[in-house]
Amino acid sequence: MATRPGPLTKWPWQWMGNFKYLFLAPAVLHTVHRVTTKGWGDLDPAYVTMLPALLLRMIHNQIWISLSRYQMARRKNVIVDRSIEFEQVDRERSWDDQIIFNGLEFYLAYAMIPNVRLLPVWRTDGAIITVFLHMGPVEFLYYWFHRALHHHFLYSRYHSHHHASIVTEPITSVIHPFAENVVYFMLFSIPTLTPIFMGCGSVLGVVLYIAYIDFMNNMGHCNFELVPKWIFKAFPPLKYLMYTPSFHSLHHTQFRTNYSLFMPFYDYMYNTMDKSSDELYEKSLKVTDETPDLVHLTHMTTLQSTYHLRIGIASIASKPSDNPVWYSWMIWPVAWLSMVLAWVYGSSAFVIERLQMKKFKMQTWTIPRYNFQYGMNWGRDSINSLIEKAILDADERGVKVLSLGLLNQAKALNRSGELFITKYPKLRVRLVDGSGLATAVVLKSIPLGTKKVFLSGSTSKVAHATAITLCEKGVQIWIGDNIDDKQQQRAPIGATFIPTSQFPLKKIRKDCTYLSTPAMKIPQTMENVHTCENWLPRRVMSAWRIAGILHALEGWETHECGDDMMDIEKTWTAAIKHGFVPLTKG
């Protein structure tokens, strides 16, 4: 919200949450009724285009969102080198509000303006009029309206909501209070409705103009520079007709410069052009990929994990993956398609996240394979090849530590990474399976005074180390990573289940306590954290991943692979020293 919210800041359907799409239900039902009663032949081009155009807008925006987040993770051509936190993700999760609003506008225009029903697919003269109307009235009126929004009265009541995002993302472009969007609708109606009233409008003219607005909005807020210099050299006047991401980024960091919509000539005309615009543009184009100090190598889990990636859908990624969203059933074909493409074309790990703690830079790389593929015997060699390629790439780039997450360290796959250090004895990057810290977290999770421990169905390094370290201390504690339903049913009432693997147990008992997989809360000094690690809560990280961070922070020179394990107390002490907190505390 704005710092001092004014009238009409909230969207009319904000109280409905995810059910806000019901506002479009009448339009959908009307279309279904027309098709079933009169057939497709009764539908004119404008009516047929309305709902598909909204869907294409969402796909277009999502492509920009994913591209921007991927570039941010790589730190390539990044403009503003600052972090994004959960607060911004939560504020910007309503980016689809304006699409719902536009859908209602389209439908009302169709119902109230007779000319809309007669629109042809294309009219060149109408498209030319649209171009000139945008360059003239729209750009001019927007410039002065935007300057007015930066007056303290309107800024505190409306526009400060948009400017709360210093580090912009494509979706930042449409995060405005409702009242602002009403004004923007009125502005953008000038080039769309005028040709219609003049009798020279067209369906494609409207669709392409809206696509242009979306394209420029997304590009201007993507926080990485992508406009090449040769474009301006080939056509110098273009610098007055098209802004760049770095140009608009300065508006979000300096606030009182670069007010133009998409065409900077009004900033040149009224002397509000930021003098560092050209310098920042040149600088941003020179920024290359970042070499992190440590890499966490994970993989996809379920089909739905496609959405849970930071480069997927931010609102999903900002919550634990075991919190299903209502619309996941609608987009499962996309997840299935991405799985097929990853299987066929996924030849290397890709960057999905970039974190920073103090002066240490961290990245998360993902192997393009899913849980079920790790269980196929015939696919192990190809998966090991992908892991090996990632390790060698990290080694070549000078990465200090690489931690193996989830099934990338499976004993049956590569013996917790021992396969690679045996094959490459001169490997400079340190491989860490995190078993020492994971064991420490399991041991610290056992209540004081426990006399007996039941270790069930696990032969992992963590379970083995736990069994050796523990004295029998409890009656109602079951520890294991493979406790089936029958074993859980045999546990006494009030038993506590403590997983020793990276995968959570299936909860079938309401009269027992289920603890998280070994994990800890991360310190506030860790920045750019805006996603949840699989099923873990916000700002909670798995012990295996934390172990890699500790290796880098402490400068430990040993591998933690195969049968080798870091000293349990040593890793626990280091974790506490660097601000990691047990889940049962703080």
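Since the structure is predicted, the reported quantities are computational estimates derived from the model, not experimental observations.

**Notes on the packing of helix H5 (residues 124-149) against helix H7 (residues 178-198)**
Next up, step 1: Running from N to C, H5 and H7 point in directions that differ by 160°, and their axes come no closer than 9 Å. As far as their axial angle goes, H7 and H5 are roughly antiparallel. For the crossing formed where H5 meets H7, the hand is right-handed. On H7, the residues touching Gly126, Ile129, Thr130, Leu133, His134, Val138, Leu141, Tyr142, Phe145 and Leu149 of H5 are Glu180, Val183, Tyr184, Leu187, Phe188, Ile190, Pro191, Thr194, Pro195 and Met198.
Next up, step 2: Here the contact of H5 with H7 is built from residues that sort into 15 nonpolar, 4 polar and 1 charged.

**Examining the packing of helix H21 (residues 435-445) against helix H25 (residues 568-577)**
Next up, step 1: H25 packs onto H21 with a crossing angle of 85° between their chain directions and a minimal axis gap of 8 Å. As the angle between them shows, H21 and H25 are arranged roughly perpendicular. Between H21, through Gly436, Leu437, Thr439, Ala440, Val441, Leu443 and Lys444, and H25, the contact on the second element is made entirely by Ile568, Glu569, Thr571, Trp572 and Ala575.
Next up, step 2: Classifying every residue of the contact of H21 with H25 by side-chain character gives 7 nonpolar, 3 polar and 2 charged.

**Let's talk about the nonpolar core**
Next up, step 1: Counting 37 residues, the largest nonpolar core has Leu437, Met520, Met526, Ile549, Leu550 and Phe580 as its most contacted members.
Next up, step 2: Broken down by secondary-structure element, the contributors of at least two residues to this core are strand E2 (350-357), strand E3 (360-367), H21, helix H24 (543-554) and H25.
Next up, step 3: Top contributing element to this core by residue count: H24, with 8 residues.
Next up, step 4: Beyond its immediate chain neighbours, meaning those up to four positions away, Ile549 contacts Leu294, Met357, Met362, Met526, Met541 and Phe580.

**Quick notes on the packing of aromatic side chains**
Next up, step 1: Using the criterion set out here, one finds 28 aromatic pairs in the structure.
Next up, step 2: When the centroid spacing of 6.1 Å and the interplanar angle of 70° are considered together, the rings of Phe101 and Phe185 count as edge-to-face. Of the two residues, Phe101 is situated in helix H4 (residues 97-112) and Phe185 in helix H7; the sequence distance between them amounts to 84 residues.
Next up, step 3: Given a relative accessible area of 12%, Phe101 falls into the buried group.
Next up, step 4: On the basis of an interplanar angle of 20° and a centroid distance of 5.4 Å, the ring pair of Tyr143 and Tyr270 is categorised as stacked.

**With respect to the pairing of strand E4 (residues 401-404)**
Next up, step 1: Burial along E4 is two-sided: Val401 and Ser403 facing one way and Leu402 and Leu404 facing the other are all buried.
Next up, step 2: Inspection of the sheet shows strand E1 (residues 294-299) paired to E4 by 4 bridges, in the parallel sense. The residue bridging Leu294 from the neighbouring strand is Val401, located in E4.
Next up, step 3: With 3 bridges connecting them, E4 and strand E5 (residues 430-432) associate as parallel partners. Within the sheet, the bridge partner assigned to Val401 lies in E5 and is Arg430.

**Some details on the sheet that holds E2**
Next up, step 1: A sheet is described by the order of its strands in space; here 6 strands give the open sequence E5-E4-E1-E3-E2-E11, paired in mixed fashion. Because the sheet does not close on itself, it has two edges, and the strands there are E5 and strand E11 (526-527).
Next up, step 2: Judged from the 6 bridges that link them, E1 and E3 form a sheet pairing that is parallel. Within E3, the residue paired with Thr298 across the bridge is Thr366.
Next up, step 3: Packed on one face of the sheet, helix H18 (residues 380-397) meets E1, E3, E4 and E5 and runs near 155° to E3.
Next up, step 4: Across the sheet, H24 lies against E1, E2, E3, E4, E5 and E11, angled at about 165° from E4, the strand it touches most.

**Quick look at the UniProt feature "domain: Fatty acid hydroxylase" (unreviewed entry) in the chain**
Next up, step 1: In the UniProt entry, the feature "domain: Fatty acid hydroxylase" (unreviewed entry) is given for residues 133-272.
Next up, step 2: In this annotation, residues 133-272 is assigned 66% helix and 0% strand; the end-to-end C-alpha distance for the span is 23 Å.

**Comments concerning the sheet that holds strand E10 (residues 519-521)**
By way of backbone hydrogen bonds, the strands of a sheet pair with one another, either parallel or antiparallel.
Next up, step 1: Across the sheet, which stays open at both edges, the 3 strands sit in the order E12-E10-E13 with antiparallel pairing between neighbours. Across the chains shown, the open sheet's two edge strands, defined by having one partner strand only, are strand E12 (540-542) and strand E13 (581-582).
Next up, step 2: Note that E10 and E12 share 3 bridges and pair antiparallel. Across the sheet, Ala519 pairs through a bridge with Ser542, a residue of E12.
Next up, step 3: Contacts between H24 and the sheet are confined to E10 and E12, with E12 contributing the most and set at about 85° to the helix.

**Quick look at the pairing of E3**
Next up, step 1: Counted residue by residue, E3 has 7 buried out of 8 residues, so it is predominantly covered.
Next up, step 2: Taken together, E2 and the strand that follows it, E3, pair antiparallel across an intervening segment of 2 residues, in which Lys358 is found at a positive phi of about 60°.

About the thresholds
- In this convention, every chain numbers its residues from 1, walking through the sequence in written order.
- Two thresholds apply to this predicted model, a pLDDT of at least 70 for residue-level local features and 80 or more for giving and counting side-chain atom pairs, whereas whole-chain, interface and lining totals are computed over all residues.
- Working from all heavy atoms in the structure, the side-chain values ignore hydrogens and water.
- Geometry is summarised by axes, namely lines fitted to C-alpha atoms with helices restricted to the contacting stretch, and by angles between N-to-C directions that run from 0 to 180 degrees.
- By the criteria applied, helices consist of DSSP H or I runs no shorter than four residues and strands consist of E runs no shorter than two, each listed in order from the N terminus.
- The labels follow the angle: roughly parallel below 35 degrees, roughly antiparallel above 145, roughly perpendicular from 65 to 115, and oblique for the rest.
- Two helices crossing with the near one rotated counterclockwise from the far one by less than a right angle form a left-handed crossing, whereas a clockwise rotation gives a right-handed crossing.
- In what follows, a contact means two residues having at least one pair of non-hydrogen atoms within 4.5 Å.
- Only Asp, Glu, Lys and Arg are considered charged, only Ala, Val, Leu, Ile, Met, Phe, Trp, Tyr, Cys and Pro nonpolar, and every remaining residue, Gly among them, polar.
- By nonpolar core we mean a set of buried residues, namely Ala, Val, Leu, Ile, Met, Phe, Trp, Tyr and Cys, connected to one another through side-chain atoms within 4.5 Å.
- Only protein chains enter the calculation, and the probe is 1.4 Å; a residue is then buried if its accessible area is under 20% of its type maximum, exposed if over 50%, and partly exposed in between.
- Classification of ring pairs rests on two measures: the distance between centres of Phe, Tyr or Trp rings, Trp counted by its six-membered ring, which must be within 6.5 Å, and the angle between planes, read as stacked under 30 degrees, edge-to-face over 60 and tilted in between.
- A pair of strands is considered paired only if DSSP assigns at least 2 bridges between the two.
- UniProt positions are given in the numbering used here, feature names are shortened, and annotations may be inferred rather than shown by experiment.

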